[in-house]
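# Survey of secondary and tertiary structure
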Amino acid sequence: MARNRELILAFLAIVLIGGLYSAISLTSGTPRAGHLLGHSIGALGFVLMLATETLYSLRKRAMRRAFGRMSEWLQFHIFTGIVGPFLVLLHSAWSFRGLAGAVTLMMGIVVASGFIGRYIYTAVPRTPEGALLEAEELQRLIAEAEAELRQAAGKPHAPSGAVAPGVSLVLGRRPRDLLAAWRRWRSLRRLDPAARSAAAGVDRLQGRLAELRRQVASLAAARRLLATWHTIHIPLGMALFVAAFYHIGAGLYFVTFQR
Amino acid sequence: MKRPLGCLTGSGLLAGILTALVVTAAAIASSNRIFSPGPLRQTPGVRIGGIESHADLSADCAACHPPFWTGRRMGDLCLGCHQEVAAELEDPAQLHGGIAGPENCTICHLEHRGPTAALTDVGRFEFPHERFGFSLYAHQEELSHSPVGCRDCHTESLRSFQVRACAECHFTLDLAASGEHMLAFGPGCLECHDGQDSYGSDWDHNATAFPLLGAHNRIQCSRCHLGAHTLTALQSTPLRCVDCHRLDNPHSNLLGDDCGACHNPETWEDATLDHRLTGFALEESHAELECLDCHENRQWVGIPQACFGCHSDEDEHQGRFGQKCGFCHRPTSWSDWTFDHAVIGFTLEGSHAQVACEGCHTNRRWAGTPRDCFSCHADDDFHSGGFGTDCGACHRPTSWADWTFNHNRSSFPLTGAHASVACVSCHTGGGFRGTPSACAACHSEPAVHAGLFGTNCAACHSTSAWMPASYNGPHTFPMNHGGAGGNCRTCHPGSYGSYTCYACHDQGEITNKHSERFSDFSNCVACHASGQEGDGGED
């Protein structure tokens, strides 16, 4: 729960907002983008997107006047980065023509890019406060994990084969984790309950050790991927906001000032 | 090197600038069409200046959206094309008159909603429809319960109304009722209905001066509102029963026009006439009769109210008692009667009230029955005619024994002790008449003065008692001698024919005094005529 809290909260917010929107749509028709409710949804979504873009960046640069943990700001950044675009999507009233449609498309691209960025980001080992872990610290953690595993297993731990460093180690880690978890579950299933309980503890330590070894092996690749992602994601976001400001300006001009 | 804030990286700024350039270029190249929120309406309408629909202006945003530096509003451009609307603005009788202007066209008229979307949506504007004589109070929804739109009724033009639009909806709602209604009242819905007033769905006939009661609530409207096709005609529908039911009147106009006095609105049959209003209350057996028993041939007026008018054939008295049957008989039945005998001057009192009528009226002869006692009671005369035939002078009607005789009316008033003696003490032998009134006839002369005073008892005695008596006749000797005070017995203790002086005077002394000189001195008065001692002298 705590690991993906921002995603779960964002999902709940989307379900709640989507439910209200659906109820209104069924009773009164789809809220038009130019009407009060549609406008309000769009304005709120844009404010959340602005918050997504600015607040986390400000916190990252406010190291001397730190307010809150970086990981929590990142969670807030991800939450608003999901809910805000969802509100803007509802504001579109499912009409994707002209500049407004282009802005919506760009928003979708930026959001997808954000998900990819988070995936890469989580491959980089960090402290609970969000600080980066260096290779030396990771080696120390590996030694601790091995000692703990020897004590739990009652015999020396046979070191597994060396992990090959590379980009695939970062991007393909989740599928591999899922495959390994499935295999462990199958092997544990054959044991009696007492042996399964003892083996589960050893297995968990083995998993932790494997992850640390993978992080050490992929540390350089993960950092390189994250930098590359920043290079792509930031111009996309900038283009999105510029186009959005054009859209807002046109709306104010043609709808509000030019009655 | 200090990291830039957020997007303000070199690549970010470059992307922003490039995006701005691209959007600006696209806006210029498309004449701002990239900002269009949706396609314009494409449905052809009235051709104005070569333009059939707004979609023909899609390539020229400025045709409706004037640049801000020109100082013009969108509404100015609207009215520039739609001059027929501009002409209406000042005339309140027109569609846009008084409510619209160049500043508010877009409140009702929306664009960019699609090629076929409606241009007009008055949902955001409270259009004062009632000023055209028809309120939308009762027309908030159309058949599918969606908010009613202008075109739901104004199918051809917003500036005109075809009344068939009413029928199209209302026939769908209720074909039978609407058809009947239209047949009854005609197709001119607006002649009566204004959408809100009392002829809408809330209208209640019972709130009018003619509530629909009884059978009136079940008949077709046109039965009463025959040919009423306007509000004035509807409201002029007569309210009186007779105005509609004159032909239903079976009374041949004999009972007047106030049907409701007898009939109720439910049915003609269940009439409840308060017959008292006719002056002839239906009581007892009269109330059980059918109307036609009396009102033959439905003759409702002119029926005689006197009993004899209907019952002359039933008169057992053969007219002897006249025609006022009700004088004795009550309406329950002929046998239920009470005769007030007093009205003929002969009150049935006492035992007369207990006697059967035939006791006096033999052979049911009622008239000519004598009223004097003796005519009936001659055989009962205890006095054998001795007191005449005026029985009532003494007897009361209760019984023969209940009588009181006023003796003072006779030649011998009963005074004194006579009043308390029994009648038979004087009237011996049952005879009353001829009883002598002389005292001596009843009272024999007493021994004390037998043969002395004659039979004129009253000369000395009163009727109260024999004593005291007051003798005023000749008496040679002073009656108050020796203080006798008129007490006869002082000197006459045995009989008034003799006397003695020795009740007071000592006989021995008298004897001694007179014996020497007189041989007979028993008659004292002979010598002492005045009772004085010296009356006799020395001789």
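What comes next concerns the included structure.

### Things to note about the overall build of chain B
- Across its full length, chain B holds 19 helices and 4 strands.
- For chain B, the proportion of contacts with a sequence separation of at least 24, taken over those separated by at least 6, is 45%.

### Topic: the overall build of chain A
- Helix and strand counts for chain A come out as 8 helices and 0 strands.
- The order of α-helices and β-strands along chain A, N terminus first, is α-α-α-α-α-α-α-α.
- Taking contacts inside chain A between residues at least 6 apart in sequence as the whole, the part at least 24 apart equals 80%.

### Observations concerning the nonpolar core
- Ranked by internal contacts, the top residues of the largest apolar core, which has 40 residues, are Leu99, Val103, Leu240 and Ala243 of chain A.
- Contributions of two or more residues to this core are made by helix H2 (36–61), helix H3 (70–91), helix H4 (98–121) and helix H8 (193–257) of chain A together with helix H1 (10–29) of chain B.
- The dominant element in this core, judged by the number of residues it contributes, is H8 of chain A, at 12 residues.
- Discounting chain neighbours no more than four positions away, the residues touching Ala243 of chain A are Leu99, Ala102, Val103 and Met106 of chain A together with Thr19 and Val23 of chain B.
- If you look at the next biggest cluster of nonpolar residues, it comprises 11 residues, including Ala123, Ala145, Ala222 and Leu225 of chain A.

### Some points on the environment of His54 of chain B
Residue and element names in this part refer to chain B.
- Along the chain, the position of His54 falls in the loop between H1 and helix H2 (74–81).
- Residue classification places His54 among the buried positions, given that 21 C-beta atoms sit within 10 Å.
- In the structure, His54 is positioned 10 residues away from Pro44 in sequence and 8.5 Å away in space, judged by C-alpha atoms.
- Non-local contacts of His54, meaning those with residues more than four positions away in its chain, are made with Leu40, Arg41 and Glu111.

### Thoughts on the interface of chain A and chain B
- With 25 residues of chain A at the interface, the matching set in chain B holds 26 residues.
- Among the elements of the structure, H2, H4 and H8 of chain A are those that each provide at least two residues to the side of chain A that touches chain B.
- Top contributing element to the side of chain A that touches chain B by residue count: H8 of chain A, with 12 residues.

So, how was this worked out
Residues numbered from 1 in each chain as written. Chains lettered and ligands numbered in written order. Predicted model: local features only at pLDDT ≥ 70, side-chain atom pairs only at ≥ 80, totals over all residues. Helix = DSSP H or I, 4+ residues; strand = E, 2+ residues; numbered from the N terminus. Contact = placed C-beta atoms within 7 Å. Core = buried A, V, L, I, M, F, W, Y, C linked by C-beta atoms within 7 Å. Buried ≥ 20, exposed ≤ 12 C-beta atoms within 10 Å, placed from the backbone.

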